[in-house]
Amino acid sequence: MEQSKSNSPRLFLCTAIENKDEVEERYERAYNYFQSLVADCSEKEAHDALNNAVCKNHEDVSLGMLMSILTEPHNATKCYRDLTLITRDGLTCVLNNLSNLILERYLKFHDTTRNQLLWLIKEMIRNAVNGVDSVCWNLMRYASGGDVTPKNIQLVESLLDIYIENRAWLDKFPVLICMVVYTYLRLIEDHNIPQLMNLRQKEVNFVITLVRERFSDVLTLGRDLVRLLQNVARIPEFNQLWQVIFTNPKSLCPTFTNILQLLQTRTSRRYLQSRLTPDMERKLVFLTSQVRFGHHKKYQEWFQRQYLATPESQSLRSDMIRFIVGVIHPTNELLCSDIIPRWAVIGWLLTTCTSNVAASNAKLALFYDWLFYDPEKDNIMNIEPAILVMHHSMRSHPAVTATLLDFLCRIIPNFYQPFADKVRQGIFNSLQQIIEKRVLPNLHPLFDSPKLDRELRTTVQETFKEFCTNGNGEGVSGLRDEGNEDLPRGNPDEPAFSDDEEEAPPNIAEDTDDDDLPLSEVRARERPELAAALPLVLRPLAETLLDERSLAAATALINACSAPMPTAAALADLFAAAVQEVPTLRVNRNPSEAELDASLNSPLFAMFSYITGASGTGHDTEVKRKLMMETLKEIHNQNTLHNVGFCLLFYLKVSYERERRSERDLAKRRNVKFKAEVYKEYCSYLELKLADSLAFDFERCQECDANVLVWLIPDIYREFKDQAQNHIRLLHAIVMALDAGQLQRLVCLTLQGTLMMFKSDDITTMLQTSLGWETFEQYCLWQLLTAHDISVEDVLPIIPKLSYKDHSEALTSVLLMLKQEKPTADVVRQLFCRPVDEEDTFVVSTLMYWCQDYEDKVGDLLSVLLSTRYPGTSPNKRKRPGKHSIPPNAPPSAELVLGHLEQMRVCCVEQNDMSMFKMECMQKALQQAQSNSSDSLRRQYSELLALAWEEELPTSRRARKLVSNSLPLNQNLHSSNEDSEEEEIVKPKQAKRRKKAISDSD
């Protein structure tokens, strides 16, 4: 075996210090297994051996043969033929593993492996194997742009030859046709050197043919098809195609009206992703999701050396920017973290570009979604990076911002003259959406920055004059436009500084490169812009608030608000920035008065004092109260702060406790009310459902501090009981945060009567949902349910649905509840509705425990349950009182009842106590079951049914034999079948009367 391992071929290139990884070892094991099957065998013997082995170990045989094909060209034809003969899944296993190999390891393939991979794909296409198109898709991703090395060119040309030779096969896959067109349009741009002209001409001919013949499919590529066609427009064949698109579009496709149809269609992410190799994609995703801002330079330098070091690779920057803009859409949590943002990566790609043509294409790639942006169809995440690159580069790289703004102004008339108005509208839609979604509070600091030269600033202000205002009626200069006529003006003849001299010299500290700063420091530099959005009188107070981030500073700013009032959007941005660095709200388990007062130092609580009316009354106060509500609504719409709701609840709770403590009179103290109507008004103003808002706020609260959450619980369930009780999300947020001490506190409050978390109505849905919670969360839930005295009838509906494997926590809790109850018909019926499983001892454990004190009752209930599974079988069957009656058509089935009784029989045999089954009622029920069950049930439960005594067989063959043989009665075997039969033959009527009398007395 060692010899075979050492001689096995290698799939991957490895250096001397690299060990084999799990993937390679797996393929080698499969290869050795395959070789052991066919070694020294004739062709027929090998085929038989493979057929036998593939039935037991299909995957290993398939992988072993795949490795042989990829590493042994001399055996590939025979091995592929055998593989197609023995496969049991149409080569699905081979294709899936081949795709994984390509995506994960293609760059490590030996040259032989790469060549054999192409040979295998050709064979599969020739044999029309289902699924080979996905392998082609994955392999085509390695036909990289910006790479003219021999290996890449060989792959590009080989794939092109495959598609040309198998055009009929390719036409069956419209999505693959789009991928081929998109890929080779991008590659043609790079193949403009003399030694690649033959390949380029072959690519041009093929792509032109595909586009003209399959234009209806190619239309789905959207606007990025136009971008790539622009890059190759000087090639004669594509120039002719452009003429057809402009002059006779319907000749390409009857539904194609004009180029605008393409430009208004967003390109699918899959095509943007396809122009990066999987290795590049992994590195960029890692950079934008794992690397902290300020620690990113070493990663960028490595990426630059690896992928962007050659002149040809400069064209890759456009592909990377389109990928970052269109594919990488970070979550809100990631946006709020200190991970390097997308704009920073794009800014790095722009500033390190060494080619003017590549730089222009990169800028177009960045702004391409702006040109025909439609808020109804397009995604704001596609336009956000460009505005943030310009915004953040203004401090440390103003040249980047200047060139981007210049590009944006020039693209409007120069993109395509007949569509100039549409391009202008698309860009205006983008800027409007940026302001509405609060990507930036306003645009005037960007459009009127003193770091822009005067000519560019004038061009920008003329092009985007609608956006050159700061939102407070002030012009781009920061002064209000109204009333400027009354300001003193200088004499034109008097000496004055030139415009260039009027601009203050830039601060050296402000101009330093911020690439090495933490993201929080970079955001801190945005403070002047936040203050600039406010009226002049409030700007010093805003600076103070951003410095101190305290309640006093926020209160001073709100008190100073007067006409002209600041906009809610400007205040929302300011408070969001001020609160970001404030420590998380935390208290001890039993917070003191001083600790509660200290915890109310966040600027948010200044707004709460106005909306609760704590800041006084009057017209001015009411105006500010409305402004605060608008500001809170704006903060909610921005989705930047998630702790506002539970902070408001905390503030209301602290205010409630303060007011109670201030009242010395006990009767007045009892009359102090928790101001729940304030929170209700807050939810109504924000158009939130009250119950869902409570649940969301508790979810955020448990993420910050469980002590705050537990402290709020009694008041929330008292004041909002209709919304809070039995609310699943709210309850889950609570039990997620609890520890043992906090759980005990809630149980104690429940027993004292001050906390009521549940109501019996519709508790089943809540219990079913809780089955997926963590073990301790379910434990907390059941402890709270027990403290609330939830009756066993409320949990009965879920008993049949509980799995002993997956729902152990709930089963254990229900079992302990049943332990405290007496057996009833409803409980027994629900128990017997559970599926029978020999490992599931829930039912038998419950019944055996009840038998210790209520054996007669249990036997009576079980006999009634079993008897009613066979309704109407005999008019002489026993009739039970109505209190134990069970509907005959209701679950459980007879088979379930017999299954659980069989489990109980086994348990009774082990305990050597069969008294339950000797009860007369059980005997009659078993006799009825034996008489009316199917043959299969009789065989399956033969030992259980054998416990039934035979009541009367007057005409049976066995009875006649007993009479003729005159067997003497054995007085000691009262439970034997013979004794029962003999007694029935001699005195059948007396036996009936006796048993009937027993039944009546029973």
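Residue numbers here run from 1 along each chain, matching the order of that chain's written sequence. Restriction of local features to residues with pLDDT of at least 70 applies here, the model being predicted, together with a cutoff of 80 or more for giving and counting side-chain atom pairs; totals for whole chains, interfaces and linings are based on all residues. Processing note: side-chain calculations cover all non-hydrogen atoms of the structure and skip hydrogens and water entirely.

As annotated in an unreviewed UniProt entry, the chain carries the name SOSS complex subunit A homolog and comes from Arctia plantaginis.

(A) Molecular detail of the overall build of the chain. Each helix corresponds to a stretch of at least 4 residues labelled H or I by DSSP, and each strand to a stretch of at least 2 residues labelled E; elements are numbered beginning at the N terminus. Within the chain, the regular secondary structure consists of 60 helices and 0 strands. Note on classification: 1.4 Å probe, protein chains only; a residue is buried when its accessible area is under 20% of the maximum for its type, exposed when over 50%, partly exposed between these limits. Across the 1002 residues of the chain, 50% fall into the buried class. Contacts spanning at least 24 positions in sequence make up 73% of the contacts within the chain whose residues lie at least 6 apart. Only the protein chains shown count as cover for residues, with accessible areas throughout obtained via the Shrake-Rupley method and a probe of 1.4 Å. Split by element, the accessible area of the chain, about 48,200 Å² in all, is 50% carbon and sulfur. Every residue pair with non-hydrogen atoms within 4.5 Å of one another is taken to be in contact.

(B) The environment of Y80, seen in detail. Turning to its location among the elements, Y80 is positioned in helix α5 (residues 73-86). Accessibility expressed as a relative area gives 4% for Y80, which makes it buried. As for Y80 and S68, which are separated by 12 residues in sequence, their C-alpha atoms are 9.1 Å apart. Aside from chain neighbours lying at most four places away, what touches Y80 is I69, W119, L120, E123, M124, N127 and V129.

(C) Expanded view of the pattern of salt bridges. Any carboxyl oxygen of Asp or Glu within 4 Å of a side-chain nitrogen of Lys or Arg constitutes a salt bridge here. Under the definition given, this model contains 46 salt bridges. When the shortest N-O distance is used, the salt bridge between E189 and R186 registers 3.6 Å. According to the relative accessible area criterion, R186 is buried, its value standing at 1%. Within this structure, R223, D224, R227, R322, D369 and D378 form a network of salt bridges that share partners.

(D) Examining the side chain of T71 more closely. Here T71 lies in helix α4 (residues 58-71). Among all residues touching T71, those that are not within four sequence positions of it are P9, R10, L11, T112 and T113.

(E) Here's a closer look at helix α7 (residues 111-126). In a helix, the anticipated span is given by 1.5 Å times the number of residues less one. The end-to-end C-alpha distance of α7 is 23 Å, a good match for the 22 Å that 16 residues give at a rise of 1.5 Å each. Listed in full, the buried residues belonging to α7 are T113, R114, Q116, L117, L118, L120, I121, E123, M124 and I125. Looking at the buried residues of α7, the elements they touch are α4, α5, α6 (92-105), α8 (132-140), α9 (150-165) and α10 (167-170). Downstream of α7 by a residue or two, A128 has a phi angle that is positive, lying close to 55°.

(F) Geometry of the packing of aromatic side chains. Put simply, two rings from Phe, Tyr or Trp (the six-membered ring, in Trp's case) pair if the centres are within 6.5 Å, and we call them stacked under 30 degrees between planes, edge-to-face over 60, tilted for the rest. Per the counting criterion, the structure on display carries 32 aromatic pairs. The interplanar angle of 45° and the centroid separation of 6.0 Å between the aromatic rings of F293 and W343 together place this pair among those described as tilted. In this pair, F293 sits in the loop between α18 (278-289) and α19 (297-307) while W343 sits in helix α22 (residues 342-351), placing the two residues 50 residues apart along the sequence. Seen in terms of ring centroids, F605 and F650 are 6.4 Å apart; in terms of plane orientation they differ by 50°. Their pairing is tilted. Here F605 is found in helix α37 (residues 604-611), whereas its partner F650 is found in helix α39 (residues 644-662), with 45 residues between them in sequence. The exposure classification of F605 matches that of F650, with both residues buried. These aromatic residues form a ring-pair network of at least three members: W242, F246, Y368, F372, F415, Y416 and F419. Over the ring of Y106 we find R114; its NZ or CZ atom is 4.6 Å from the centre of that ring. Here K653 stacks its cationic end above the ring of W711, 4.9 Å away from the centre of that ring. Only lysine NZ and arginine CZ atoms are considered, and such an atom sits over a ring when it is within 6 Å of the ring centre and within 35 degrees of the ring normal.

(G) Main features of empty space enclosed by the protein. Of the two site types, the cavity is a set of points on a 1 Å grid over the protein atoms alone where a 1.4 Å probe fits but cannot get out, and the pocket is an open set with protein on both sides within 12 Å along at least five of seven lines, each lined by residues with an atom within 4 Å of a point. Grid points are joined across faces, edges and corners, and a volume is the space filled by probe spheres set on the points. Going through the model one piece at a time under the given rule, you end up with 2 cavities of 30 Å³ or more. One number sums up the size of the largest cavity: a volume of about 50 Å³. Lining the largest cavity we find R186, E189, R227, L228, N231, S315, S318, D319 and N361. Any residue that is not Ala, Val, Leu, Ile, Met, Phe, Trp, Tyr, Cys, Pro, Asp, Glu, Lys or Arg is counted as polar, Gly included; the first ten are nonpolar and the last four charged. Taken together, the residues that form the lining of the largest cavity break down as 1 nonpolar, 4 polar and 4 charged.

(H) View of helix α51 (residues 825-832). Extensive coverage of α51 is indicated by the burial of 7 of its 8 residues. Among all positions of α51, only A825, V827, V828, R829, Q830, L831 and F832 are buried.

(I) Structural detail: unusual backbone geometry. Even without being glycine, E687 reaches a positive phi, approximately 60°. Tracing the sequence through the fold places E687 in the loop between α41 (676-685) and α42 (690-704). Taking relative accessible area as the criterion, E687 reaches 68% and is therefore assigned exposed. Backbone geometry at D789 places phi at a positive 55°, although glycine is not the residue there. With respect to the helices and strands, D789 occurs in the loop between α48 (775-787) and α49 (792-795). Relative accessible area serves as the criterion here: at 67%, D789 is assigned to the exposed category.

(J) The packing of helix α25 (residues 398-414) against helix α28 (residues 454-463), seen in detail. The axes are straight lines fitted to the C-alpha atoms, using for helices just the contacting stretch, and the angles between their N-to-C directions are given from 0 to 180°. With their axes 10 Å apart at the nearest point, α25 and α28 run at an angle of 45° to one another. By the angle between their directions, the pair α25 and α28 is classed as oblique. Relative to α28, the crossing made by α25 is left-handed. Taken together, the residues of α28 that come into contact with α25 (itself represented by A402, L405, D406, C409 and I412) are L456, T459, V460 and T463. The residue inventory of the contact of α25 with α28, partitioned by class, reads 6 nonpolar, 2 polar and 1 charged. What sets the label is the angle itself: under 35 degrees gives roughly parallel, over 145 gives roughly antiparallel, 65 to 115 gives roughly perpendicular, and the rest give oblique. By convention the crossing between two helices is left-handed if the near helix lies anticlockwise of the far one by an angle smaller than a right angle, and right-handed if it lies clockwise.

(K) Representation of the nonpolar core within the structure. We call a set of buried Ala, Val, Leu, Ile, Met, Phe, Trp, Tyr and Cys residues a nonpolar core when their side-chain atoms join them within 4.5 Å. Counting 169 residues, the largest nonpolar core has Y163, F238, W370 and F464 as the members making the most contacts within it. With 11 residues, the top contributor of residues to this core is helix α11 (residues 174-188). Sequence-distant contacts of Y163, defined by excluding residues within four places in its chain, comprise C136, M140, W169, L170, L176, V180, Y184 and F206.

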